[in-house]
Amino acid sequence: MTQSGFIERLRSGLWQDNPGLVQLLGLCPLLAVTTTFVNGLGLGIATLFVLVFSNGLVSATRRWIIQEIRIPIYVLIIASLVTCVELIFKAWFPTLDRSLGIFIPLIVTNCAIVARAELFASRNTIGASLADGLGMGAGFAALLMALGAFRELVTYGGLLLAILPPGAFFSLALAVAAKNATDRKLQEKQRSTMPRSLRQTR
Amino acid sequence: MRSQPIAKTGLTLAMIAAVCTALVATTYLATKDRIAANDKALLEQSLQPALSGIFYDSGVSESRLVIPPPHGLPGSDAAIVYRVYAEDEPVAALFVVTARDGFSGSIRILVGIGVDGTVTGVRILQHRETPGLGDKIESARSNWVFQFDGRSLGNPQASGWAIRVDGGEFDQLTGASITPRAVIKAIRDTLIYFDAHRDEVFQE
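Residues numbered from 1 in each chain as written. Chains lettered and ligands numbered in written order. Predicted model: local features only at pLDDT ≥ 70, side-chain atom pairs only at ≥ 80, totals over all residues.

### Observations concerning the interface of chain B and chain A
As a reminder of what qualifies: What counts as a contact here is a pair of residues whose C-beta atoms, placed from the backbone, lie within 7 Å. Only Asp, Glu, Lys and Arg are considered charged in this grouping, and only Ala, Val, Leu, Ile, Met, Phe, Trp, Tyr, Cys and Pro are considered nonpolar; every other residue, Gly among them, is considered polar.
Listed by partner, the interface residues are 19 residues for chain B and 20 residues for chain A. Classifying every residue of the side of chain B that touches chain A gives 11 nonpolar, seven polar and one charged.

### Concerning the pairing of strand 5 (residues 119-126) of chain B
Residues and elements named next belong to chain B. Worth spelling out the cut-off: Residues with at least 20 neighbouring C-beta atoms inside 10 Å of their own are called buried, those with 12 or fewer are called exposed, and the rest are partly exposed, where every C-beta is derived from the backbone. Strands here mean DSSP runs of E at least two residues long; helices mean DSSP runs of H or I at least four residues long; both are numbered from the N terminus. Any two strands between which DSSP finds at least two bridges are classified as paired.
Among the eight residues that make up strand 5, six are buried, leaving the element largely enclosed by the rest of the structure. Here strand 4 (residues 107-114) pairs with strand 5 via six bridges, running antiparallel. The partner of Ile109 across the bridge, within strand 5, is Ile124. Linking strand 4 to strand 5, which pair antiparallel, is a turn of four residues; within it Gly117 sits at a positive phi near 95°.

### Details of helix 3 (residues 37-60) of chain A
Cut-off, in case you're wondering: Here the expected span of a helix is defined as 1.5 Å times the quantity of residues minus one.
Taking 1.5 Å of rise per residue, 24 residues should cover 34 Å, and helix 3 of chain A covers 34 Å from first to last C-alpha, within 8% of that figure. The element helix 3 of chain A is largely enclosed, with a buried count of 18 among its 24 residues.

### Concerning the nonpolar core
Generally speaking, nonpolar side chains in soluble globular proteins are found buried as a group. Our working definition: Defined on buried residues, the nonpolar core groups Ala, Val, Leu, Ile, Met, Phe, Trp, Tyr and Cys residues joined through C-beta atoms within 7 Å.
Grouped together as the largest cluster of nonpolar side chains are 47 residues, with contacts concentrated most on Ala46(A), Val50(A), Ile77(A), Ile78(A), Leu81(A), Val85(A) and Leu144(A). Of all elements in the fold, only helix 2 (27-33), helix 3, helix 4 (70-92), helix 6 (111-119), helix 7 (126-156) and helix 8 (165-192) of chain A together with helix 1 (6-47) of chain B reach the threshold of two or more residues within this core. Considering every element that reaches this core, the biggest residue donor is helix 7 of chain A, with 12 residues. Ignoring anything within four residues of it in the chain, the contact list for Leu81(A) reads Val50(A), Phe53(A) and Ser54(A). Leu47(B), Ala50(B), Phe95(B) and Val111(B) belong to the second largest nonpolar core, which has 39 residues in total.

### Describing helix 2 (residues 178-203) of chain B
Residue and element names in this part refer to chain B. Test applied: The quantity called bend is, for any residue, the angle between two axes fitted respectively to the seven residues ending at it and the seven beginning at it.
In a regular helix each residue adds 1.5 Å, so 26 residues correspond to 38 Å; helix 2 covers 36 Å between its end C-alpha atoms and thus fits that length. The largest bend in helix 2 amounts to roughly 80° and is located at His197. The set of residues buried in helix 2 consists of Thr179, Pro180, Arg181, Ala182, Val183, Ile184, Ala186, Ile187, Thr190, Leu191, Tyr193 and Phe194. The secondary structure elements touched by the buried residues of helix 2 are strand 3 (89-99), strand 4 and strand 5.

### Regarding the sheet that holds strand 5 of chain B
Residue and element names in this part refer to chain B. For clarity, the threshold we go by: Axis angles are defined between N-to-C directions and span 0 to 180 degrees, where every axis is a line fitted to C-alpha atoms and, for a helix, only to the segment in contact.
Sheet architecture is open: five strands sit in the order 1-2-3-4-5, paired in antiparallel fashion. Both edges of this open sheet fall to strand 1 (64-67) and strand 5, since each of them pairs with a single strand only. Strand-to-strand twist of the sheet, defined as the mean angle between neighbouring strand axes without regard to direction, takes the value 20°. Most of the contacts of helix 2 go to strand 3, to which it runs at about 140°, and overall it touches strand 2 (79-86), strand 3, strand 4 and strand 5.

### As for the packing of helix 7 of chain A against helix 8 of chain A
Residues and elements named next belong to chain A. Heads up, the condition is: When describing relative orientation, an angle under 35 degrees is termed roughly parallel and one over 145 degrees roughly antiparallel, while 65 to 115 degrees is termed roughly perpendicular and anything else oblique. Each helix crossing is assigned a hand: it is left-handed if the near helix lies turned anticlockwise from the far helix by less than a right angle, otherwise right-handed if that turn is clockwise.
The contact between helix 7 and helix 8 brings their axes to 10 Å, and the two run at 120°. The angle between the axes of helix 7 and helix 8 places the two elements in the oblique class. Between helix 7 and helix 8 the crossing geometry is right-handed. Contacts between helix 7 and helix 8 involve Leu143, Ala146, Leu147, Phe150 and Arg151 from the first element and Gly167, Ser171, Leu172 and Ala175 from the second.

### Concerning the confidence of the model for chain B
As a reminder, the rule being used: What pLDDT reports is the predictor's confidence in each residue, on a scale of 0 through 100.
For chain B, the average pLDDT comes to 86, and 97% of its residues sit at 70 or higher. Confidence, expressed as mean pLDDT per element, reaches its minimum in chain B at strand 1 of chain B with 83 and its maximum at strand 4 of chain B with 91.

### Topic: the environment of Asp57(B)
All names here are of chain B. Along the chain, Asp57 turns up in the loop between helix 1 and strand 1. Judged by local crowding, Asp57 falls into the exposed class, with 10 C-beta atoms found within 10 Å. Between the alpha carbons of Asp57 and Ala86 there is a distance of 5.1 Å; along the sequence they are 29 residues apart. The residues contacting Asp57, other than those within four sequence positions of it, are Ala86 and Glu87.

### So, the pairing of strand 3 of chain B
All names here are of chain B. Among the 11 residues of strand 3, eight are classified as buried, and the element is accordingly described as predominantly covered. Note that strand 2 and strand 3 share seven bridges and pair antiparallel. Paired with Ile80 across the two strands is Val96, which belongs to strand 3. Where strand 2 folds back onto strand 3 in an antiparallel hairpin, the turn is made up of two residues, including Glu87, whose phi is positive at roughly 50°. Of the pairings in the sheet, the one linking strand 3 to strand 4 comprises eight bridges and is antiparallel in character. Paired with Phe95 across the bridge in strand 4 is Val111.

### Remarks on unusual backbone geometry
Residues and elements named next belong to chain B. For the bond running from Asn155 to Pro156, omega is 0°, close enough to zero to count as cis. A positive phi angle, close to 50°, is found at Glu87, a residue other than glycine. Looking at the secondary structure, you find Glu87 in the loop between strand 2 and strand 3. Judged by local crowding, Glu87 falls into the exposed class, with 9 C-beta atoms found within 10 Å.

### Some words on the environment of Ile109(B)
Residues and elements named next belong to chain B. Structurally, Ile109 is set in strand 4. Along the backbone, Ile109 and Ile124 are 15 residues apart, and their C-alpha atoms lie at a distance of 4.6 Å. Those residues in contact with Ile109, other than ones at most four positions away along the chain, are Val97, Ala99, Val122, Ile124, Leu125, Val183 and Ala186.

This is the structure we're talking about:
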């Protein structure tokens with residue numbers, strides 16, 4: 001896998017196809033645990049870990065995976081990895097494990113993971129799949145941390161709504177809007193730097 | 001895509017299942033001792049604050065007693081008691097009880113009672129009360145639970161075991177009255193139970 005291909009995968013996960021901001025996948029844990037920065041960080045890292053390894057395993061076994069039973073196989077791989085992550089958290093980060101509670105085992109149901117297995121890892125090389133898992137996982141983790149930090153700060157500043165469930169929806173909406181606004185600005189900048197002849201034809 | 005014979009499909013699934021099981025089993029073996037140690041440390045750590053002013057020399061978590069329902073304590077599931085001893089004499093009992101009449105979901109409460117019937121400390125173990133309002137019952141968020149230290153069934157009298165708006169002696173929490181009512185009632189019910197069953201609790 002080339003270096004530009006690797007950077008392309010990372011950019012796709014972190015920005016262009018961010019699982020939370022663009023694909024809007026895995027919203028249940030995203031909305032539920034982002035009450036603090038540390039919670040966002042913990043679940044983000046756990047999800048990143050599962051995503052990298054599930055992508056790697058699915059890609060490594062893609063020759064033997066039979067079309068009809070691919071979904072049960074993905075579920076098996078993802079569930080085993082999540083169980084391992086849960087045990088590791090319980091052993092080495094017990095405080096974080098208690099504050100994340102049920103949302104660590106629930107990573108199994110995060111559709112962002114099964115989506116990457118199905119859409120990417122089952123048709124690409126191991127290297128590309130690992131890079132994809134890293135990019136998508138980092139994108140999801142970054143969003144979890146940003147939302148967690150935002151909600152914690154706003155709550156601390158006196159607006160109690162931010163930590164309640166509706167606050168999660170408002171914060172996510174603000175994040176999606178901010179991403180779209182940035183994209184539009186970038187696009188306009190690109191257009192204005194185009195040669196005049198090209199601009200007129202539009 | 002050409003469909004595969006069922007035996008091959010089953011075999012593939014079984015092999016992947018075996019690999020995944022091996023993975024989980026290895027992780028389990030590598031972590032189980034640490035997890036057990038963490039659980040025990042957490043228990044000892046969470047029981048200790050409810051024993052203020054009590055001298056004891058026994059391991060708290062080993063003296064566990066389960067009281068099956070119906071028992072008259074708050075909550076309808078089995079209640080847990082930890083007995084605390086000093087030189088083989090009972091000095092205190094720690095009750096883990098459940099208040100079912102909170103604002104959202106049940107509240108798990110740890111009530112420490114000295115052998116003379118006074119409260120040695122109260123801690124909230126688990127709850128889902130409203131953040132910012134009802135969650136002030138947590139010792140980490142406000143001093144509210146400390147007002148029960150040193151209280152007993154006669155101090156205050158029965159009518160005083162309520163929040164001030166209800167004519168009692170205990171502080172309320174702004175914006176939440178259901179939560180403190182539930183906690184106060186659970187503490188008082190535990191004291192009543194201890195008063196009636198003191199000998200049984202320490203006997204076993």
